[in-house]
Amino acid sequence: MKDNFIDFIKIFCKSGDGGDGFVHFNKTKYRRKGKPDGGSGGKGGDLIIKGNSHINTFYHLKYHRHWIAKSGYSGKKNNLTGGNGKNLYIDVPIGTIIKDVNKNIIAEIINNNQKKILFQGGKGGHGNFFFRKSKNPYYYQYGIKTIGNWIFLELKILSDVGLIGFPNVGKSTLLSILTNAKPKIGNYSFTTKIPNLGMVKMNDSSFIIGDIPGIIEKASEGKGLGHFFLKHVERNYILLFLISAEKENQKKKYLILLNELKQFNIQLLKKKRLLVISKSDLIDDNKKNKIKKIFSTLKENIFFISSFSKEGIQKLKYIIWKTLKLK
Ligand SMILES: Nc1nc2c(ncn2[C@@H]2O[C@H](COP(=O)(O)OP(=O)(O)OP(=O)(O)O)[C@@H](O)[C@H]2O)c(=O)[nH]1
Ligand SMILES: [Mg+2]
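Criteria and thresholds
Residues numbered from 1 in each chain as written. Chains lettered and ligands numbered in written order. Predicted model: local features only at pLDDT ≥ 70, side-chain atom pairs only at ≥ 80, totals over all residues. Heavy atoms only, no water. Near = heavy atom within 4 Å. Polar contact = N/O pair within 3.5 Å; in protein donor to acceptor, adjacent residues only side chain to side chain. Nonpolar A, V, L, I, M, F, W, Y, C, P; charged D, E, K, R; others polar. Donors = N, O, S within 2.8 Å, 3.2 Å for Na, K, Ca; no water. Helix = DSSP H or I, 4+ residues; strand = E, 2+ residues; numbered from the N terminus. Buried < 20%, exposed > 50% of the residue type's maximum accessible area, 1.4 Å probe, protein only. Pairing = 2+ DSSP bridges. Patch = residues over 30% accessible without salt bridge, like charges linked within 9 Å, V, L, I, M, F, W, Y side chains within 5 Å. Areas by Shrake-Rupley, 256 points an atom, 1.4 Å probe, with all protein chains shown as cover. Salt bridge = Lys/Arg side-chain N within 4 Å of Asp/Glu carboxyl O. Lys, Arg positive; Asp, Glu negative; His and termini not counted. Charge placed at Lys NZ, Arg CZ, Asp CG, Glu CD. Domains from an automatic or database assignment. Contact = heavy atoms within 4.5 Å. Buried area = accessible area lost by both parts, 1.4 Å probe. Axes fitted to C-alpha atoms, helices over the stretch in contact; angles between N-to-C directions. 1 Å grid on protein atoms, 1.4 Å probe; cavity = no way out; pocket = protein on both sides within 12 Å on 5 of 7 lines; lining within 4 Å. Points joined across faces, edges and corners; volume = space filled by probe spheres on them. Core = buried A, V, L, I, M, F, W, Y, C linked by side-chain atoms within 4.5 Å. Expected span 1.5 Å × (residues − 1). Arc of directions from axis to C-beta.

Observations concerning the site of ligand 1
Item 1. Lining the immediate environment of ligand 1, one finds 22 residues, of which K171, T173, F190, T192 and D281 sit closest.
Item 2. K279 places a side-chain nitrogen or oxygen 2.9 Å from an oxygen atom of ligand 1.
Item 3. Its residues assigned to classes, the shell around ligand 1 comprises seven nonpolar, twelve polar and three charged.

Thoughts on the coordination of the magnesium ion (ligand 2)
Item 1. Taken together, the protein donors to the magnesium ion (ligand 2) comprise S172 (OG) and T192 (OG1), at separations of 1.9 to 2.1 Å. A residue pair is termed long-range when its members are at least 10 positions apart, and S172 in helix α1 (residues 171–178) and T192 in the loop between α1 and β12 (196–202) qualify at 20 residues. The same class applies to S172 as to T192, namely buried.

Side note on the pairing of strand β4 (residues 47–51)
Item 1. For β4, a buried count of five out of five residues is recorded, marking the element as mostly surrounded by other parts of the structure.
Item 2. The alternating pattern of β4 places L47, I49 and G51 on one face and I48 and K50 on the opposite face, and all of these are buried.
Item 3. The pairing of β4 with strand β9 (residues 115–119) spans four bridges and is classified as antiparallel. In the strand pairing of β9, L47 is matched with F119.

Here's the deal with a positive patch on the surface
Item 1. A contiguous patch of positive charge, built from R31, K35, R132 and K133, is present on the exposed surface.
Item 2. One can find K35 in strand β3 (residues 35–36).

Some points on the domain arrangement of the chain
Item 1. Domain annotation for the chain reports domain 1 (1–155) and domain 2 (161–325).
Item 2. If you average the C-alpha positions of domain 1 and of domain 2, the two centres end up 46 Å apart.
Item 3. If you look at the interface, domain 1 gives ten residues, while domain 2 gives six residues.
Item 4. Where domain 1 abuts domain 2, roughly 750 Å² becomes buried across the two surfaces, and 57% of that area is made up of carbon and sulfur atoms.
Item 5. The interface formed by domain 1 and domain 2 holds three salt bridges in total.
Item 6. Taken together, the links from domain 1 to domain 2 amount to three residue pairs in polar contact (both at pLDDT 80 or more).
Item 7. Split by residue class, the side of domain 1 that touches domain 2 holds four nonpolar, two polar and four charged.

As for the sheet that holds strand β6 (residues 88–92)
In sheet architecture, strand pairing relies on hydrogen bonds along the backbone and comes in two forms, parallel and antiparallel.
Item 1. Taken in spatial order, the three strands of this open sheet run β6-β4-β9, and their pairing is mixed. Two strands in the sheet have a free side with no partner beyond their single neighbour: β6 and β9. In this sheet, neighbouring strand axes are inclined to one another by 30 degrees on average, regardless of whether the strands run parallel or antiparallel.
Item 2. Bridge count for β4 against β6 is five bridges, and the pairing is parallel. What sits directly across from I49, in β6, is I90.

Things to note about empty space enclosed by the protein
Item 1. In this structure the tally under the stated criterion is one cavity of 30 Å³ or more.
Item 2. Each pocket or cavity is described by its volume, and for the largest cavity that value is around 50 Å³.
Item 3. Residue lining of the largest cavity: I157, S159, G162, P195, N196, L197, G210, D211, I212, H232, V233 and N236, and that is the complete set.
Item 4. Breaking the lining of the largest cavity down by element, the ones donating at least two residues are β12 and β13 (205–211).
Item 5. Among the residues making up the lining of the largest cavity, the classes are represented as five nonpolar, six polar and one charged.

Things to note about unusual backbone geometry
Trans peptide bonds make up the majority, and among non-glycine residues the majority have a negative phi.
Item 1. Phi at N168 takes a positive value of approximately 70 degrees, unusual for a residue other than glycine.
Item 2. Structurally, the position occupied by N168 is in the loop between β11 (161–165) and α1.

Examining the nonpolar core
Item 1. With 49 residues, the main nonpolar core has I164, L174, L240, F241, L316 and I320 as its most contacted residues.
Item 2. The contacts of I164, once residues within four sequence positions are left out, are K171, I212, I215, L230, V233, L239, L240, F241, L242, L257 and L261.
Item 3. Counting residues in hydrophobic clusters, the runner-up holds 22 residues, among them F5, I11, I90 and L153.

Brief notes about the side chain of K156
Item 1. You can see K156 is positioned in the loop between β10 (149–155) and β11.
Item 2. Discounting residues that sit within four places of it in the chain, K156 has contacts with G95, I97, K231, H232, E234 and R235.

Details of helix α3 (residues 285–296)
Item 1. Helix length check: α3, at twelve residues, gives a terminal C-alpha distance of 16 Å against a target of 16 Å (1.5 Å per residue), a fit within 8%.
Item 2. Those residues of α3 not exposed but buried are K287, K288, I291 and F295. Axial view of α3: buried residues confined to an arc of 100 degrees, hence all on one face. Turned more than 90 degrees away from the buried face of α3 sit D285, N286, K290 and K293, all of them exposed.
Item 3. Where α3 is buried, its residues touch α2 (250–264), β15 (272–278) and β16 (302–304).

As structure tokens, then:
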């Protein structure tokens, strides 16, 4: 599964060359030399990047690194223009950032079907009809030859809410009960190896939740699955922290998570945060009060949820919805 998820790739792109102009003379009985009537060449195909909401990886580009649009066709007699080369579309997931060879951002794809022409097809050259009044009736132009280049595609998934937590705290289970997503769930660490997305429909609006692999202490130093997938929460509006009720040291775990986020990108700490204690079905009210007290020293508002008993789930949905509405 992991190998099928690619969120960074370098590909070569080139638009089509313009078609060459044509040299031809229309000979008639009375004009043996003929009238120049060679048509112009067609335009080369554009190279276009297109958003596709059905894909969420660059895996389809892994073995297809060179993308070259078709050239325009040469002009024809009777002053006919050659056909245009077909445009070439490269489908990418929503949330793709396109960078040039020097890693400068060229564009971002944020909508389904959004199109960005990366390289314009070359113009066709004129045929000798165009130059019929010039001194040289044989004169024509070549089509413009385009030069391609390497580009970088980087995926930063676009979702409204990102789930943050240690492994095995119930992130994927929560995603599966809030949305139509069917992530893998397992009673062991690092069940999730690639991000999953799901959509919550509520009060005529909807929002997207993204589930990423669990984070552990020193993820920033490469422990566990590392911390690079945190780039997928960089564009979330809300970070929803899940701390499991199952084990002790909830406060310490929360501080570790905050520190790992800070190590990756300090800006992440400026995002709206919601903090929930998951698996609340496993503890009684006494334990809940203790946890509440611990977090009140941090001035963090927490609430309890359980994907099993459904405690707090409606409330959580409502708070997310309201927070997003106010943004
Ligand atoms: N008791 C209880 N168990 C839960 C709850 N939610 C999830 N679990 C169990 O906790 C285990 C881990 O759940 P996951 O949803 O895979 O956890 P995760 O946080 O996505 O884990 P990683 O992908 O490894 O980071 C599974 O055995 C779930 O059945 C809950 O609300 N209560
Ligand atoms: Mg998971």
